Amino acid sequence: QIGDWLPKSDLPISKSSISTIAQNEKQHILEALDLTSWRVSGNNGAAKLLDIKSTTLEYRMKKLGISRR
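The model shown is predicted, which means the values in this text are computed figures rather than measured ones.

Novice: I tried to follow the environment of methionine 61 on my own but got confused; where do I start?
Specialist: Within the secondary structure, methionine 61 is located in helix 3 (residues 54-64). A C-alpha to C-alpha distance of 9.1 Å links methionine 61 and leucine 30, two positions 31 residues apart in sequence.

Novice: Quick question: what am I supposed to make of helix 3 here?
Specialist: Each α-helix turn comprises 3.6 residues. Residues three or four places apart therefore point the same way. Along helix 3, the residues that are buried comprise Leu57, Met61 and Leu64. For helix 3, the angular spread of buried residues about the axis comes to 75°, placing them on one side. Looking at helix 3, the residues exposed on the side facing more than 90 degrees away from the buried face are Thr55, Tyr59, Lys62 and Lys63. Among the structural elements, helix 1 (21-35) and helix 2 (46-50) are those in contact with the buried residues of helix 3. Glycine 65, located one to two residues past helix 3, shows a positive phi value of around 75°.

Novice: Would you take a moment to explain the side chain of threonine 36 for this structure?
Specialist: Relative to the helices and strands, threonine 36 is located in the loop between helix 1 and helix 2. Since its relative accessible area comes to 12%, threonine 36 is described here as buried. In contact with threonine 36, not counting residues within four places along its chain, are Asn44, Gly45, Ala46 and Leu49.

Novice: I would appreciate a short explanation of the nonpolar core in the present structure.
Specialist: Where a protein is soluble and globular, its nonpolar side chains tend to be buried together. Grouped together as the largest cluster of nonpolar side chains are 13 residues, with contacts concentrated most on Ile29, Leu33, Trp38, Leu57, Met61 and Ile66. Looking at this core, the elements with two or more residues in it are helix 1, helix 2 and helix 3. Of all the elements, helix 1 adds the most residues to this core, at 4 residues. The contact partners of isoleucine 66, leaving out residues within four places of it in the chain, are Lys26, Ile29, Leu30, Leu33, Trp38 and Met61.

The rules behind these values
- Residues numbered from 1 in each chain as written.
- Predicted model: local features only at pLDDT ≥ 70, side-chain atom pairs only at ≥ 80, totals over all residues.
- Heavy atoms only, no water.
- Helix = DSSP H or I, 4+ residues; strand = E, 2+ residues; numbered from the N terminus.
- Buried < 20%, exposed > 50% of the residue type's maximum accessible area, 1.4 Å probe, protein only.
- Arc of directions from axis to C-beta.
- Contact = heavy atoms within 4.5 Å.
- Core = buried A, V, L, I, M, F, W, Y, C linked by side-chain atoms within 4.5 Å.

Structure follows, in structure tokens:
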């Protein structure tokens, strides 16, 4: 048994207070795209900034429903 030495939290954990990994990934990709003026590939592209292949970035964008506004 653990015992009473662990502090008890009176704060309930709310699902709305934490984002999913997919939401975080989408936001991160959008920030990279904004910084690169929506350039996906090339030396000044978001894929280079994120250190992933441009085809991987394109796949993730499609999966997450990211398209240019």
